Amino acid sequence: TSHLKKAKLMFFYTRYPSSHVLKACFHDVQLSRCVTSQLIKWFSNFREFYYIQMEKFARQALAQGVADARSLAVERESQLFKTLNTHYNKANDFQVPQRFLEVAAITLREFYSAISKGEDRDPSWKKAIYK
DNA sequence: ATGGGTCCTG
DNA sequence: CAGGACCCAT
C-alpha cells in the first residue's frame, strides 16, 4: 500500500517514531489499535534491516583494514547508501535528506568502534548503539 | 494487563 | 514484511 511507502520515507527522518507521531502523520487514516501496532512493527522491521546493514558494512570496513572510524562516511555513491535507498526508497523518487546520511555515518562508526574494541562479545553490545 | 521492542522464522 | 515468543516498563 501507499502507507507502507510513506512509512519507509518517514524512516529517513525518524528511526523510532512514537505512536503519537505516527498518529499525527497518518491522521487521515482511522488508526485502529491494530493498524497502529502494525506501523510500530514496520519501523521495528525497518530498524532491523538498517542495523544489520550497518553491522555488515562496519565489519567489512574493519576487515578491509580501514584505519579509523573517522574516515567512515556514508556518501550517496556508497554501496551502503544504495542498499538502504533501494530498501526504503525503491522507486528512487525521493530526495533522501542529508541528515540521514549523517545519522547513518554516526551509527556506522559506532558499530565500527564497538567491533574494533571487541565489545561485540558482550551479548547485549548492540543496545548501546540502538536508538 | 498493555504496549513498545528485539530476535528469530518463514 | 508478518507472526510469535519473550523482555521490560507502565
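Residues numbered from 1 in each chain as written. Chains lettered and ligands numbered in written order. Predicted model: local features only at pLDDT ≥ 70, side-chain atom pairs only at ≥ 80, totals over all residues. Heavy atoms only, no water.

Enquirer: Explain the protein's contact with DNA strand B to me, using residue names and the numbers behind them.
Expert: By nearness alone, every residue bordering DNA strand B is listed as Tyr16, Ser19, Ile40, Lys41, Ser44, Arg47, Glu48 and Tyr130. In DNA strand B, atoms within 4 Å of the protein come 53% from sugar and phosphate. Within the side chain of serine 19, one N or O atom sits 3.4 Å away from a phosphate oxygen of DNA strand B. Contacts to DNA strand B include lysine 41, whose side-chain N or O atom sits 3.1 Å from a base nitrogen. Here the element with the most residues in the surface near DNA strand B is helix H3 (residues 33-63); it accounts for five residues. For the surface near DNA strand B, the per-class residue count stands at three nonpolar, two polar and three charged. (Near = heavy atom within 4 Å. Polar contact = N/O pair within 3.5 Å; in protein donor to acceptor, adjacent residues only side chain to side chain. Helix = DSSP H or I, 4+ residues; strand = E, 2+ residues; numbered from the N terminus. Nonpolar A, V, L, I, M, F, W, Y, C, P; charged D, E, K, R; others polar.)

Enquirer: Could you give an account of the nonpolar core, naming the residues involved and the relevant values?
Expert: Grouped together as the largest cluster of nonpolar side chains are 39 residues, with contacts concentrated most on Phe26, Tyr50, Met54, Val74 and Leu108. The residues contacting methionine 54, other than those within four sequence positions of it, are Leu80, Leu84, Ala104, Thr107, Leu108 and Phe111. (Core = buried A, V, L, I, M, F, W, Y, C linked by side-chain atoms within 4.5 Å. Buried < 20%, exposed > 50% of the residue type's maximum accessible area, 1.4 Å probe, protein only. Contact = heavy atoms within 4.5 Å.)

Enquirer: Which residues make up the environment of alanine 69, and what values go with them?
Expert: Residue placement: alanine 69 occurs in the loop between H3 and helix H4 (79-88). On the basis of relative accessible area, alanine 69 is assigned to the buried category, the value being 17%. For alanine 69, the residues in contact, after removing those within four places along its chain, are Arg109 and Tyr112.

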